[in-house]
Amino acid sequence: MRATNLLAIVLVVVSAFAFLVTETGCASVVPPSGGPRDSLPPAIVGVHPENETLNFNEKEIKIEFDEYVELNDIFKNLIVSPLPKIMPDVSRKLRTVTVKIKDTLQPNTTYVYNFANAIKDLNEGNKGKDLLYVVSTGTYIDSMELSGRVKMAKTGKADSTLSVMLYSNLDDSAVVKERPRYVTTVDTSGIFFFRYLAPGKYRLFAMKDEGGSYLYNGEQVFAFADSIVTISPEPPTPVIMWAYQAEKPKEETEPEENEIDRKEKRLKYKNSLDAGKQDLLSAFTMTFENPLKTFDTTKMLLSMDSTLTRAKGYKFTLDSTARIVTMNMAWTPDTTYYLALEKDFASDSIDRQIVRKDTVKFRTKSLDDYGQVKINFVDADLSRNPVLLINQGDVTINSFAIPASRIIELKLYNPGDYDMKVLYDTNKNMKWDAGQFFGERKQPELIVDVERKLNVKPNQWETDFELKVGRDGIFR
């Protein structure tokens, strides 16, 4: 009987196995899938004392989440407003985050603990969003708000690493000497939003504060509102601020001293010709390996014929490093030039000269090597002194003030692909200037984008188009 029962059990197992093979095509054991990736940020499910507690006088706050969490650079990402003198100690265990308050809280004050980006779930690293804990040491919760946006003046782009600060001390020096009352951050669009503010008058600043000091040292990226901000039950107009980084004064440096090869007996240099051709729009330059000790322009002659008859209108200059000689000349298109150099026209610090008298022969480019550009800035605001910047990468190739006609017409322009921007040149010096908060209190000059690219082709006379400025300030 036992054998019969055992045989029956074996047959059932074998039959079940055969069914699995038939239905699935294999007998492999497949573990259950983990399901879709968890993309939800951790959420608060409980807090003690309760959110928006009045007459708050506790020294410890416990926040419970719906999943295991960990701290994410808590010192940098936890924002407490008003800003305490001593930041709280924060720890976590499983689903619970504990905040131990070390500072003495001010009376009748609303405190906001913003944990956004400071908490993330343990497994997937999803950062918390809108994790605000609000309490008041008084009998009411402050409810005033302020919003705005910060952009970089030089690029028009946002910098999401900036902090925005409100000071109740209205003195200009406060941003240098003391920490702000309220702090928040900007998002990827440069937008900021203060909540739970106390009514009053404030100074508003933005700053890149990498060390957590919230003190301006004159070197960080910085922005300031033109006027005092009044916080009242009627929401103020959103504030736009333009950030800049103060330009350091250029230090005078000694001429560069390259290592001299004393075995080399010749004075060596390179010229600026492009495949033997001289650009009609540029000067001719000679760059020497080492600084020159002597340089005699009377022993350099430019001619437009092989008989070396001296041409008119050219001028040589030596730069401050004593390594670059520049020859400026109003070039004639498609013309051969001869630059005759006497053996002793120049020498370096060990008296090396060229071996013998030399003549550099070159030809200027023809008009067909260039394109023509005509741009009509239909509605440019001339009162803001707009200047067209033509760039390749981060380098400005040319700058042109937009004239009263609002038309920039370039009869000759080097072929290539260019980016364009418009500088509002407040002081009319044809270059971008940073802002200055102390003293004359000057906002930075603004540079706005031109959405269209400039493509110039040789022997093409049809690069002709109109640009209009949009509501966002960008030319299209």
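Residues numbered from 1 in each chain as written. Predicted model: local features only at pLDDT ≥ 70, side-chain atom pairs only at ≥ 80, totals over all residues. Heavy atoms only, no water.

Engineer: Can you walk me through the overall build of the protein chain in this structure?
Structural biologist: Across its full length, the protein chain carries three helices and 34 strands. Buried positions account for 38% of the 476 residues belonging to the protein chain. Pairs at least 24 residues apart make up 68% of the contacts formed inside the protein chain by residues separated by at least 6 positions. For the protein chain, the exposed area adds up to about 27600 Å²; of that, 50% sits on carbon and sulfur atoms. (Helix = DSSP H or I, 4+ residues; strand = E, 2+ residues; numbered from the N terminus. Buried < 20%, exposed > 50% of the residue type's maximum accessible area, 1.4 Å probe, protein only. Contact = heavy atoms within 4.5 Å. Areas by Shrake-Rupley, 256 points an atom, 1.4 Å probe, with all protein chains shown as cover.)

Engineer: Any chance you could explain unusual backbone geometry here in plain terms?
Structural biologist: Between histidine 48 and the following residue, proline 49, the backbone shows a cis peptide bond with an omega angle of -5 degrees. Position of proline 49 relative to the elements: it lies in the loop between β1 (44-48) and β2 (60-65). Each neighbour pair has its own omega, and for serine 81 with proline 82 the value is -5 degrees, a cis peptide bond. Position of proline 82 among the secondary structure elements: in the loop between β4 (79-81) and β5 (89-93).

Engineer: Would you mind showing me how to read the nonpolar core here?
Structural biologist: When a protein is soluble and globular, its nonpolar side chains tend to lie buried together. Core analysis: the largest hydrophobic core is formed by 44 residues, its most contacted members being Phe222, Phe377 and Phe475. The contact partners of phenylalanine 475, leaving out residues within four places of it in the chain, are Phe377, Ala380, Val422, Tyr424, Val448, Asp449, Val450, Glu451, Arg452, Leu467, Lys468 and Val469. The next biggest cluster of nonpolar side chains, apart from the first, holds 27 residues, and it includes Leu267, Phe288, Ala311 and Leu339. (Core = buried A, V, L, I, M, F, W, Y, C linked by side-chain atoms within 4.5 Å.)

Engineer: How should the pattern of salt bridges be read in this particular structure?
Structural biologist: Pairs can form between side chains of opposite charge once their charged atoms are near each other. If you walk through the whole model with that rule in mind, you get 16 salt bridges. As a salt-bridge pair, lysine 421 and aspartate 449 come within 2.4 Å of each other at their nearest N and O atoms. With lysine 421 in strand β32 (residues 416-424) and aspartate 449 in strand β33 (residues 447-456), this residue pair connects regions lying 28 residues apart in the sequence. By sharing partners, the salt bridges in this structure join Asp172, Arg203 and Arg441 into a single network. (Salt bridge = Lys/Arg side-chain N within 4 Å of Asp/Glu carboxyl O.)

Engineer: Looking at this structure, how should I read the sheet that holds strand β23 (residues 315-318)?
Structural biologist: Where strands meet in a sheet, backbone hydrogen bonds hold them as pairs that are either parallel or antiparallel. Pairing in this open sheet of four strands is antiparallel, and the strands run β18-β20-β24-β23 from one edge to the other. Where the open sheet ends on each side, the last strands, each with one partner, are β18 (269-271) and β23. Put simply, the sheet's adjacent strands are angled 20 degrees from each other on average, direction ignored. Sheet topology note: the β23/strand β24 (residues 324-328) ladder contains four bridges and is antiparallel. Note that in β24 the partner of leucine 318 across the bridge is valine 325. (Pairing = 2+ DSSP bridges. Axes fitted to C-alpha atoms, helices over the stretch in contact; angles between N-to-C directions.)

Engineer: What is the right way to read the environment of threonine 396 from this model?
Structural biologist: Structurally, threonine 396 can be placed in strand β30 (residues 395-401). Threonine 396 sits in the partly exposed class, given a relative accessible area of 39%. In this structure the C-alpha to C-alpha distance between threonine 396 and methionine 420, which are 24 residues apart in sequence, comes to 9.1 Å. Once residues within four sequence positions are removed from consideration, threonine 396 is found in contact with Leu389, Ile390 and Asn391. Side chain to side chain, threonine 396 and asparagine 391 meet in a polar contact 2.9 Å long. (Polar contact = N/O pair within 3.5 Å; in protein donor to acceptor, adjacent residues only side chain to side chain.)

Engineer: What am I meant to see in the sheet that holds β1 here?
Structural biologist: Within the open sheet, the four strands sit side by side as β1-β2-β6-β5. Their pairing is antiparallel. Two strands lie at the open edges of the sheet, namely β1 and β5, each paired on one side alone. Averaged over all neighbouring strand pairs, the angle between strand axes comes to 15 degrees, with direction disregarded. For β2 and strand β6 (residues 96-100), the ladder comprises five bridges, and the chain directions are antiparallel. Opposite isoleucine 61, over in β6, you have valine 99 as the bridge partner.

Engineer: Can you walk me through the environment of threonine 237 in this structure?
Structural biologist: Mapping threonine 237 onto the fold places it in the loop between β16 (229-231) and β17 (239-245). Along the chain, threonine 237 and serine 147 lie 90 residues apart, while their C-alpha atoms are 7.9 Å from each other.

Engineer: How should I be thinking about the confidence of the model for the protein chain in this particular structure?
Structural biologist: When pLDDT is averaged across the protein chain, the result is 87; 89% of the residues are at 70 or more. Of the regions scoring below 50 in pLDDT, residues 1-35 engages in five contacts with residues more than four places distant in sequence or in other chains. (pLDDT = per-residue confidence, 0-100.)

Engineer: So what exactly am I meant to see when it comes to the packing of aromatic side chains here?
Structural biologist: The final tally for this structure, using the stated rule, is 21 aromatic pairs. Taken together, a centroid distance of 5.7 Å and an interplanar angle of 80 degrees make the contact between phenylalanine 377 and phenylalanine 475 edge-to-face. With phenylalanine 377 in strand β28 (residues 371-377) and phenylalanine 475 in the segment after β34 (463-467), the pair connects residues that are 98 residues apart, well separated along the chain. Phenylalanine 475 shares its class with phenylalanine 377; the two are buried. (Phe/Tyr/Trp six-rings, centres within 6.5 Å; stacked < 30°, edge-to-face > 60°.)

Engineer: Would you take a moment to explain a nonpolar patch on the surface for this structure?
Structural biologist: Residues Tyr68, Leu94 and Leu122 make up a contiguous nonpolar surface patch of about 270 Å² in total accessible area. Inspection of the secondary structure assignment puts leucine 122 in the loop between β8 (119-121) and β9 (132-136). The class for leucine 122 is partly exposed, based on a relative accessible area of 35%. (Patch = residues over 30% accessible without salt bridge, like charges linked within 9 Å, V, L, I, M, F, W, Y side chains within 5 Å.)

Engineer: Help me understand the pairing of β5 in this model?
Structural biologist: Side-chain direction in a regular strand flips from residue to residue, so the side chains alternate between the two faces of the sheet. Where β5 and β6 come together, five bridges link them in antiparallel fashion. Across the sheet, the residue bridging to serine 91 is threonine 98, located in β6. Counting the residues that bridge the hairpin from β5 to β6 gives two residues, and of these leucine 94 lies at a positive phi of roughly 55 degrees.

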